[in-house]
Amino acid sequence: SKTLRYYAEKNGKMIGMAFCTYKGLDSDRSEAARQFNMMVAENEMKMDVLQPSQGSFSWGAADGLVSLAKNNNMTVRGHCLVWHTQQPAWLSSDGKKNDKGWTRQQALDIMKNHITTVLQHFKGKVTEWDVVNECLDDDQSIIRTNPEGYKLRPTVWQQAIGDDYIDSAFVYARRADPDIQLYLNDYDVEMQGKAKAVAFSNLVKRLQSKRIPLDGVGLQCHFSIGDVDSVKLEKTIRLFGEAGLKCIITELDMGVPSTTTANLEEQARNYRMITDIVLNNDNCPNLVVWGIKDNDSWRSNSNPLLYNSGLGKKKAWYAVRSAL
Ligand code: XIL
């Protein structure tokens, strides 16, 4: 029978999953390669892995993933260059505080070197990157007093450089490789009406008004059943489309409180709803799920993926395939 990627390719879409080389069994690898046409490194391209000590880079794990993808004719999307989690200890004790006392210029130089070295290494192998990940603060109540209409999360980058660290990250990325697509990725921004979604679009407007090179935004979509309002989600995708941007699904999973038949059917309906939205919107070329099997998920307690722990296809898998 036909695969997910067969139907996705017929529709001009990418169907992707996050793969983790140290979790994946051989059976996971071959199923991933058979069913998906896009691969994301669940952890192997994060800064703590790529630059474990300052100025010295470690490519082994990421290169392994890239060749797995290449051997199976899959596209690799890069995740992620600038973040506040999984940052190396030499940069910051926790990714949030500037407790190494970097000056603005030092932090800009570190960021530029990381971005430039990574993009040059993966040139021609990775087609798009999450340049900045999760930069918005979860609490956007400051919106009323901030003229720009968003509050950034305090991170080592934001503390050392200031709010325009985002601008610099995108400029460095475009200069390092003009041929790739550059994304701003975040969560809790998927549905219009939420304060953080408003903040996300305010930030994007500000970046666009300054002509910062940005090709699209990523909606993580770490959901649980009942979370998704399809009208509000589609509104977000269209809003960015009107601004000339791609808007893609980058880390979809759909938690259930327990694996009753009713919950798994509801999970399948939710996956189907999101897949339908992807198909209906030309500025949404990618649908990426965050893992393969439930037991390997970062939210393994909520069984949020398309395959169960025995690599059996769930109702959600069939729902995605029939929507494609
Ligand atoms: C998660 C991975 O899935 C875990 O294996 C890891 O321990 C922590 O990070 N948002 C992101 C992803 O952008 O990078 C995170 O991935 C999940 C939340």
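Up top is the structure these notes are about.
Remember, predicted model here, so these are calculated numbers, not experimental data.

**A short note on the packing of aromatic side chains**
- Overall, the coordinates contain 7 aromatic pairs when judged by the stated rule.
- Measuring from centroid to centroid gives 5.6 Å for Trp59 and Phe122, while their planes differ by 85°, and the two rings are edge-to-face. Of this pair, Trp59 sits in the loop between helix H3 (47-50) and helix H4 (60-71) while Phe122 sits in the loop between helix H5 (104-121) and strand E4 (126-133); the two residues are 63 residues apart in sequence, bridging distant segments of the chain. Comparing Trp59 with Phe122 shows no difference in burial state: the two are buried.
- Over the aromatic face of Tyr183 sits the side chain of Arg77, whose NZ or CZ is 5.2 Å from the ring centroid.

**A closer look at the site of the ligand**
- Neighbouring the ligand are 14 residues; Glu42, Lys46, His79, Glu251 and Trp290 lie closest to it.
- Within the side chain of His79, an N or O atom sits 2.7 Å from an oxygen atom of the ligand.
- In the environment of the ligand, a nitrogen atom lies 3.1 Å from a nitrogen or oxygen atom belonging to the side chain of Glu134.
- Protein chains bury 81% of the 420 Å² of accessible surface belonging to the ligand in isolation.
- Placement of the ligand is best described as lying within the largest pocket.

**Describing the packing of helix H10 (residues 261-280) against helix H11 (residues 315-323)**
- Contact geometry for H10 and H11: axes closest at 8 Å, N-to-C directions at 25°. The angle between H10 and H11 falls in the class roughly parallel. Handedness of the crossing formed by H10 with H11: right-handed. In this structure, H10 uses Thr261, Leu264, Glu265, Gln267, Ala268, Tyr271, Arg272, Thr275, Asp276 and Leu279 to contact H11, whose residues at the interface are Lys315, Ala316, Ala319, Val320, Ser322 and Ala323.

**Things to note about the pairing of strand E3 (residues 75-82)**
- In terms of burial, E3 is largely enclosed, as 7 of its 8 residues are buried.
- In this structure, strand E2 (residues 38-41) lies alongside E3, joined through 3 bridges in parallel fashion. Looking at E3, one finds that Met39 is bridged to Val76.
- In the sheet, E3 pairs with E4 via 5 bridges, with the strands oriented parallel. In the sheet register, Val82 faces E4, and the bridge partner there is Val132.
- The parallel pair E3 and E4, bridged by H5, forms a crossover whose chirality is right-handed.

**Considering the pairing of strand E6 (residues 216-219)**
- Here E6 shows two buried faces, one formed by Gly216 and Gly218 and the other by Val217 and Leu219.
- Both strand E5 (residues 181-186) and E6 contribute to a ladder of 4 bridges, which runs parallel. The residue of E6 that forms the bridge with Tyr183 is Gly216.
- Taking the sense of rotation as the criterion, the β-α-β connection linking E5, helix H8 (residues 195-209) and E6 turns out right-handed.
- Across 4 bridges, E6 lies against strand E8 (residues 246-255) in parallel orientation. Counterpart to Gly216 in the pairing with E8 is Lys246.

**As for the packing of helix H9 (residues 230-242) against H10**
- Direction vectors running N to C along H9 and H10 enclose 30°, while the axes themselves pass 11 Å from each other. Classified by the angle their axes make, H9 and H10 are roughly parallel. Helix-helix and strand crossings are classified by hand; for H9 and H10 the assignment is right-handed. Of the residues in H10, those in contact with Ser230, Leu233, Glu234 and Ile237 of H9 are Met273, Ile274, Ile277 and Asn280.

**Here we look at empty space enclosed by the protein**
- Scanning all chains against the criterion turns up 1 cavity of 30 Å³ or more.
- By volume, the largest cavity amounts to about 100 Å³.
- Around the largest cavity, the lining is made up of 13 residues, and of these Ala18, Cys20, Glu42, Ile292 and Asp296 lie nearest the centre.
- Looking at side-chain class alone, the lining of the largest cavity contains 5 nonpolar, 3 polar and 5 charged residues.

Conventions we followed
Residues numbered from 1 in each chain as written. Predicted model: local features only at pLDDT ≥ 70, side-chain atom pairs only at ≥ 80, totals over all residues. Heavy atoms only, no water. Phe/Tyr/Trp six-rings, centres within 6.5 Å; stacked < 30°, edge-to-face > 60°. Helix = DSSP H or I, 4+ residues; strand = E, 2+ residues; numbered from the N terminus. Buried < 20%, exposed > 50% of the residue type's maximum accessible area, 1.4 Å probe, protein only. Lys NZ or Arg CZ within 6 Å of the ring centre and 35° of its normal. Near = heavy atom within 4 Å. Polar contact = N/O pair within 3.5 Å; in protein donor to acceptor, adjacent residues only side chain to side chain. Areas by Shrake-Rupley, 256 points an atom, 1.4 Å probe, with all protein chains shown as cover. 1 Å grid on protein atoms, 1.4 Å probe; cavity = no way out; pocket = protein on both sides within 12 Å on 5 of 7 lines; lining within 4 Å. Sits in = over half its atoms within 2 Å of the grid points. Axes fitted to C-alpha atoms, helices over the stretch in contact; angles between N-to-C directions. Parallel < 35°, antiparallel > 145°, perpendicular 65-115°, else oblique. Left-handed = near helix turned anticlockwise from the far one by under 90°. Contact = heavy atoms within 4.5 Å. Pairing = 2+ DSSP bridges. Right-handed = clockwise from strand over helix to strand, strands pointing away. Points joined across faces, edges and corners; volume = space filled by probe spheres on them. Nonpolar A, V, L, I, M, F, W, Y, C, P; charged D, E, K, R; others polar.

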